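Chain by chain, the residues:
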Amino acid sequence: MTIITFSSRRLLLLSSFSSRRLSHSLAAVAAEIWPSDSENWLDDATSVAESVAVQGDASNENSHQRSQKSRESGRPQDCLQEKFNSKFEVETVTDVPKLFNLLKKKRFNELLVAHDAMVAAKSSACKEMSIATYSRLMTQCGRELGPETVLPIFKRMLQAGVTPDVVSYTIVIQAFMEMETKQGKRSSESSTSGQGVWATRALELLREMRAKGLVPNMLTYKPIIAWLAAKGNVTLYHEFTKYMDEDGVPQDGVFKKNEIQFALSAGDLERAKGLYLAAKKENVQLVATLDAQFILEFATADKVAVVVDLLPKVLPNVRSIRSISAAFRCLGKHGQHETALQCFAILKEKGTSAKDRSFVLTAYILGYTKRDKLDDAVKAFQEVEERFQVKALASMFNILIDFSCRQGEISRGLDFLDEMQQRGLVLSHFSFNPFIREFARWTMIEEAFEMKAAMHRVSVQPSVVTYHSLIGICVKLGDMERAHNLFLEMKECGVATNTQCFNPLIIGFATQGRFDRALSVLKDMESAGVKPDVTTYRFLIFACSRTRNQEKAVQLYDEMQEHGIKPNQSIFTVMATVFAKCGNLDRGIKMVRAIEKSGERAGTETKSAILSGLALAGRLDEAFALYDEIKKEGVLPRAYAVGTLVAAVGKAGDLDRMFELFEESRSDNQWPNLNQRQRAEHLNIRCINVVLGCIRNNQLGRAIKFLKQVKEEGIADEGVLFEKIFLHISNGGEDENEMCWLDVEDGFTVVAAMRELGLRPSRISLEALLDGCAAMSDPEQAQRVVQEMEQEGLCLNIFSMIRLFRAYIAGEDEERALSLLNEMPASDLQDPDVRVLILQTLQPHYVAAADSPEAARAPETLPRVRARLDELLGTDLIPGTRIRL
């Protein structure tokens, strides 16, 4: 074979390389093309390799001399050329196999040089470079050296005059798409719905194929369709799938997966589910990630029939424990125990780790708890544990404890707690919180605190949920000091506080009318870095409605928005309630109109609060206008607002309209938000309003007729209506929404009606009126009740005096309260029950006085009454109670 020098190789390069490629420096080209090692690159021609080595060694000296002369003559390029001549003298490649040998040695640049030399020399080997040879060379280059090497071979094939066919086009398209994928991983230049540079070239190349009459095959379309599906490009996806139909390429197999992926990328989940199920029916093999994704989707959507059918088929390939757990949760929820057992066997056979199988068992039992069948859940757990040796985790027992407590089986939950200890499982606050939560729900305060003590005995730190439940029960029982002490303990223990801990304290103090303490908790909340939420401000504003502090409510409303908290309909409602109770209904109406003008909905609750205020204020025309406005929205106002309107219309003497409203409000399909008990109570109160309306307007006959209708239609028992009237008045005439239905004046009207009917009011009825006076803080009306009792010949006993005392205290009538204390028999004051009742009456005043020395001297804490009571009772603590003076 002929040996050529570097100079002759450079001539070959000049004849075949483009000017762009020649822009590199000679040194760069040489360094790129020629390896520095002495490895032989023609394994099948040893003699040639030896001759190259010998010639190279012999020329070293001459080469050195030429280089020295060149340096002395100042010709650096010739010097560099001489250097390369001496180091790289190689043999010309003249046959095709040796191109593949260079490829095998990953000398791509040498391969290109050799190919170009072969083509330039127009050797016989050029005839061997057929389309099949080029296709084979491109395939191996792409596989061994990367997709970037395919295009240079393809270009040289075209330069050599070889016409490309489907296979060669397909190889280049696949290379382009592989390069697009690599580029997409390196950068985010291409958008989700767009296409990148290499993908664009691939699409153009496929169109070029079809324009030349070449029919692409499945391998040609595969990478393009997959990429378009992943990108969700609707236009191009449909264009190229249409080409597939025209070219007779079936859209099955892997293309089913692409179609599913396209539907997912386009956000059409329902279509993707349908395509997936159709593919599974045809037994199309899909990737495990798709199986996992759709099992998760079907399980989350509670499609149990689909899960039962698919899970055993795909479980051997699915690795996602999240998807598997969701599927088992679905099986448990629907009691598909046999399918679950089959799938547990598959998990064991495929070698799923013991930890993952335990996690799946926990999910399965969690699903079972949704069926509200504790025994079935326990039986399922025990069978899986025994048959498949799956160890139960502590989290699973915590689920069973929570399930037991929710079903009221506290003792069963305690059994699970004992079993956890016997198994050596770690107890946590999750193990105890369900008990505390249920005890709190049933106001079993001592049991709740005993469970907290048990946590300390086994070294379990109470969590924020623990303290929230305990604070909640204390607030519910009105023990705000104990609630506040729990909060302080929580901070000392390092338990992170949140709004769920602060809000109950604010609610409790606000409900008791201790507005300053509620604001103090708000300051503590902000100091702790806990942001108030809508609930926080709702109850603070609600407290303003109780104290009728309109300006403070407005200040809180503005402050809330400054903190970035957007008011919702519950805030609008309490603001409307504040305005109504403060007698500023016009401001409330203005607020509602401004809300609706801004595009938001004020809501039925807010409008109902305004409606109730209008009715109470006697502005009936405006009230009915608002009533009709709410009805046009397809609903009725809230029950309490309709009740207020019925009562107001009755007071105004419009009995026909009163009965019309009553009939409209008694329909069973009204107020679906009320349960059966609340609906019955609502109708009872409406009946009372109707009876009172008739009595007030001297329509006793109409009242009696109505009572007969009530009895015949089973609306209520007319015999107990009078009792309910007095009982309702004794509670202050307010419902759970704190809207006033009745007052003591109505009670006197009922007493007069009873006398007209020949009935005498009993002591219970009149003492109920005394309780009503206390609830309504009306000592003057209490004096009137005493006169009624004297008229009926009923003397005041100690319990009547206590009721009267409550009315004086509620109305802050200190003089009358002191006088009544002095009239109470000393012997009765020694009775423990009497002492407790009296002290309970003054308990809020003692608590308020304890806040500060100034509060102890304040007139509203009744200091003289407290001092006199201390003298009479002579002790700081009632025996057997926790009530302190």
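What you see is a predicted model, and the numbers here were worked out from it, not measured in a lab. Each chain has its residues counted from 1, following the order in which its sequence is written. At least 70 in pLDDT is required for a residue's local features to be given in this predicted model, at least 80 for side-chain atom pairs to be given and counted, and no such filter applies to totals for whole chains, interfaces and linings, which use all residues. Excluding hydrogens and water, the side-chain values take into account all heavy atoms of the structure.

Let us look at the overall build of the protein. Counting its secondary structure elements, the protein contains 48 helices and two strands. The cut-offs for exposure are 20% and 50% of the maximum accessible area for each residue type, with area from a 1.4 Å probe on protein chains only; residues under the lower value are buried, those over the upper are exposed, and the others partly exposed. Relative to its full complement of 885 residues, the protein shows a buried share of 48%. Taking as baseline every contact in the protein between residues at least 6 positions apart, the subset at least 24 positions apart corresponds to 65%. Residue burial considers only the protein chains on display, and all accessible areas are found by Shrake-Rupley using a 1.4 Å probe. When the accessible surface of the protein is summed, it comes to about 43,300 Å², and 50% of that surface belongs to carbon and sulfur atoms. Strands here mean DSSP runs of E at least two residues long; helices mean DSSP runs of H or I at least four residues long; both are numbered from the N terminus. Any pair of residues with heavy atoms lying within 4.5 Å of one another is described as a contacting pair.

Helix span, as expected, comes to 1.5 Å for every residue beyond the first. With 18 residues, helix 46 (residues 832–849) should reach 26 Å at 1.5 Å per residue; the first-to-last C-alpha distance of 24 Å fits that figure. Remark: the principal bend of helix 46, roughly 50 degrees, maps to L842, with a proline, P844, within the next four residues. Along helix 46, the residues that are buried comprise V834, R835, V836, I838, L839, T841, L842, H845, Y846 and A849. Residues of helix 46 that are buried in the fold lie against helix 43 (798–810), helix 45 (826–829), helix 47 (853–857) and helix 48 (863–873). By the criterion applied in these results, polar contacts are pairs of N or O atoms within 3.5 Å in which, for protein atoms, one can donate a hydrogen and the other can accept it, and in which residues neighboring in sequence qualify only through two side-chain atoms. Capping of helix 46 at its N-terminal end is provided by D831; its side-chain oxygen lies 2.8 Å from the backbone amide nitrogen of D833. A residue's bend is the angle separating two fitted axes: one through the seven residues that end there, the other through the seven that start there.

Looking at the secondary structure, you find R601 in the loop between helix 32 (585–597) and helix 33 (604–616). Taking the C-alpha atoms as reference points, R601 and F572, separated by 29 residues in sequence, lie 9.9 Å from one another. Apart from the residues within four sequence positions on either side, R601 is in contact with Q569, F572, I595 and E633.

Our focus in this paragraph is the packing of helix 40 (residues 744–756) against helix 41 (residues 763–775). Here an axis means a line fitted to C-alpha atoms, over the contact stretch when the element is a helix, while the angle between two N-to-C directions is reported on a 0 to 180 degree scale. Relative orientation of the contacting elements helix 40 and helix 41 amounts to 165 degrees, with a least axis distance of 10 Å. Between helix 40 and helix 41, the crossing angle belongs to the class labelled roughly antiparallel. In this structure, helix 40 crosses over helix 41, and the sense of that crossing is left-handed. Packed against helix 40, whose contacting residues are V744, G747, F748 and V751, the element helix 41 presents L766, L769, G772 and C773 at the interface. Gly is put with the polar residues, along with every residue not named as nonpolar or charged; the nonpolar set is Ala, Val, Leu, Ile, Met, Phe, Trp, Tyr, Cys and Pro, and the charged set is Asp, Glu, Lys and Arg. Partitioned by chemical class, the residues of the contact of helix 40 with helix 41 number six nonpolar, two polar and no charged. For this classification, under 35 degrees means roughly parallel, over 145 means roughly antiparallel, 65 to 115 means roughly perpendicular, and everything else is oblique. Handedness of a helix crossing follows the sense of rotation of the near helix relative to the far helix, less than a right angle counterclockwise being left-handed and clockwise being right-handed.

In what follows, salt bridge is the name for a side-chain nitrogen of Lys or Arg lying within 4 Å of a carboxyl oxygen of Asp or Glu. Enumeration according to the criterion identifies 44 salt bridges in this entry. With a closest N to O distance of 3.1 Å, R423 and E419 form a salt bridge. In this pair, R423 and E419 are both assigned in helix 22 (residues 410–423), four residues apart and thus about one turn of the helix distant. In this structure R423 comes out as partly exposed when scored by relative accessible area, which is 34%. One salt bridge connects E629 with R593, and the closest N-O pair in it is separated by 3.2 Å.

It is worth spelling out the environment of V521 at this point. Structurally, the position occupied by V521 is in helix 28 (residues 515–527). Note on V521: relative accessible area 4%, which makes it buried. Between the C-alpha atoms of V521 and I506, which are 15 residues apart in sequence, the distance is 6.4 Å.

The subject of this paragraph is the confidence of the model for the protein. Values of pLDDT, ranging from 0 to 100, describe the predictor's confidence in every residue of the model. Per-residue confidence for the protein gives a mean pLDDT of 80; residues scoring 70 or more make up 82%. Of the regions scoring below 50 in pLDDT, residues 189–194 engages in eleven contacts with residues more than four places distant in sequence or in other chains. Low pLDDT (under 50) marks residues 877–885, which in the prediction has 23 contacts with non-local residues, meaning those over four places away or in another chain.

Take the packing of helix 30 (residues 550–562) against helix 31 (residues 569–581) next. For the pair helix 30 and helix 31, the least separation of the axes is 9 Å and the interaxial angle reads 160 degrees. Accordingly, the angle class assigned to the pair helix 30 and helix 31 is roughly antiparallel. When the axes of helix 30 and helix 31 are compared, the crossing they make is left-handed. Packed against helix 30, whose contacting residues are Q550, A553, V554, Y557 and M560, the element helix 31 presents I571, F572, M575, V578 and F579 at the interface. A class-by-class count of the residues in the contact of helix 30 with helix 31 yields nine nonpolar, one polar and no charged.

This part takes up the packing of aromatic side chains. For Phe, Tyr and Trp, where Trp contributes only its six-membered ring, two rings pair if their centres lie within 6.5 Å, and the inter-plane angle classes them as stacked under 30 degrees, edge-to-face over 60, or tilted in between. This structure, assessed with the given rule, holds 16 aromatic pairs. Between F624 and Y627, the aromatic rings sit 6.5 Å apart at their centres with planes inclined by 80 degrees, giving edge-to-face as the arrangement. With a gap of three residues between them, F624 and Y627 both fall in helix 34 (residues 620–632), about one helical turn apart. Assessed through its relative accessible area of 10%, F624 is described here as buried.

A word on the side chain of S545. Within the fold, S545 resides in helix 29 (residues 534–547). Within the structure, S545 has its side chain in polar contact with the backbone oxygen of F542 (distance 2.5 Å). When residues no more than four places from it in sequence are discounted, the contact partners of S545 are T577, V578 and K581.

Residue types Ala, Val, Leu, Ile, Met, Phe, Trp, Tyr and Cys, when buried and joined through side-chain atoms within 4.5 Å, form a set referred to as a nonpolar core. The biggest cluster of nonpolar side chains holds 204 residues, and the ones touching the most others in it are F328, Y364, L645 and F805. Once you skip the residues sitting within four places of it in the chain, L645 turns out to touch L611, A615, L620, A623, F624, Y627 and L661. Listed in part, the 49 residues of the second largest apolar core include V96, L112, V150 and Y243.

A few words on the UniProt feature "repeat: PPR" (unreviewed entry) in the protein. UniProt positions are given in the numbering used here, feature names are shortened, and annotations may be inferred rather than shown by experiment. UniProt marks residues 130–164, 393–427, 463–497, 498–532, 533–567, 603–637 and 762–796 with the feature "repeat: PPR" (unreviewed entry), using the numbering shown here. For residues 130–164, the end-to-end C-alpha separation is 10 Å, with 71% helix and 0% strand making up the annotated structure. Along residues 533–567 one finds 77% helix and 0% strand; the C-alpha atoms at either end are 10 Å apart.

With 13 residues, helix 41 extends 18 Å from end C-alpha to end C-alpha; this agrees with the ideal 18 Å at 1.5 Å per step. Of all 13 residues in helix 41, ten are buried; the element is thus mostly enclosed. Every buried residue belonging to helix 41 is among S765, L766, E767, A768, L769, L770, D771, G772, C773 and A774, and all of these are buried. Remark: S777 follows helix 41 within two positions and exhibits a positive phi of approximately 55 degrees.

Positive phi is not limited to glycine here, since Q389 has a value of about 50 degrees. Position of Q389 relative to the elements: it lies in the loop between helix 20 (374–388) and helix 21 (394–406). The phi dihedral of E812 falls on the positive side, at around 55 degrees, and the residue is not glycine. Mapped onto the elements of the fold, E812 is located in the loop between helix 43 and helix 44 (814–823). Judged by relative accessible area, E812 falls into the partly exposed class, the value being 46%.

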